[in-house]
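Here's the letter readout for the chains.
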Amino acid sequence: MKKILIVFILIISSFFTVWGSVIASGDLTKQEPITVDVQLGDTDNSYLFVPSSLEFETGKLYKLVIHNVGKTKHYFSSEGLSRSVFTRKAQVLGADGKAIAEIKGSIREIEVYPGGTAEWWFVPVKSGNINDLKCTIKGHEEAGMVGKITIK
Ligand SMILES: [Cu+2]
């Protein structure tokens, strides 16, 4: 009986050891963030995200830094990303690069004025290919301001 119990405990503990290394645990929003930069820009006849393809992994904390380097305001808008992440916060940065506002709760779209920077802190919770990143200002999507997001 004792032997059976020991074998049973060994099986159970090895099961949790294997899964414990696969499944993220603890407060995932308290990790050191991985910084990813994306620029919103425009030329005389085109509008774009640089890079236009972003990649994230589930369970890791990201700080997505969104800079508008263009001459007009732009939106970073993705319903798909919004549905695939847990947002810790969004921050608006002042001219000195320090946060001047912090927004909590789910985010779907961030509008950034020329020269402005915003940060979106999130933990992806769902993997998949997201093809709905765009700027929602009239004409910008048609002029090329679209992007792809992959969550592994
Ligand atoms: Cu735009």
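Per chain, residue numbering runs from 1 following the sequence as it is written. pLDDT decides what is reported in this predicted model: residues at 70 or higher carry local features, side-chain atom pairs at 80 or more are listed and counted, and totals for whole chains, interfaces and linings draw on all residues regardless. To get the side-chain values, all heavy atoms of the structure are used, and hydrogens and water are removed first.

Caption draft 1: Main features of the pattern of salt bridges. For salt bridges, the criterion is a side-chain nitrogen of Lys or Arg within 4 Å of an Asp or Glu carboxyl oxygen. Inspection of every chain in the model, using the stated rule, returns nine salt bridges. Notably, a salt bridge pairs E79 with R83, separated by 3.0 Å at the nearest N-O pair. Here R83 and E79 lie together in helix 2 (residues 79-84), a separation of four residues that amounts to about one turn. E79 is paired through a salt bridge with R108; the nearest N and O atoms lie 3.6 Å apart. Taken together, the residues span a long stretch of sequence, with E79 in helix 2 and R108 in the loop between strand 7 (99-103) and strand 8 (109-112) at a distance of 29 residues. Throughout, exposure labels follow a simple rule: accessible area from a 1.4 Å probe, protein chains only, divided by the maximum for the residue type, with under 20% read as buried, over 50% as exposed, and the rest as partly exposed. Overall, the relative accessible area of 32% leaves E79 in the partly exposed class. Looking at R108, the relative accessible area reads 41%, which means it is partly exposed. Because the salt bridges share partners, they merge into one network encompassing E79, R83 and R108. By definition, any uninterrupted DSSP run of H or I lasting at least four residues is a helix, any uninterrupted run of E lasting at least two residues is a strand, and each is numbered from the N terminus.

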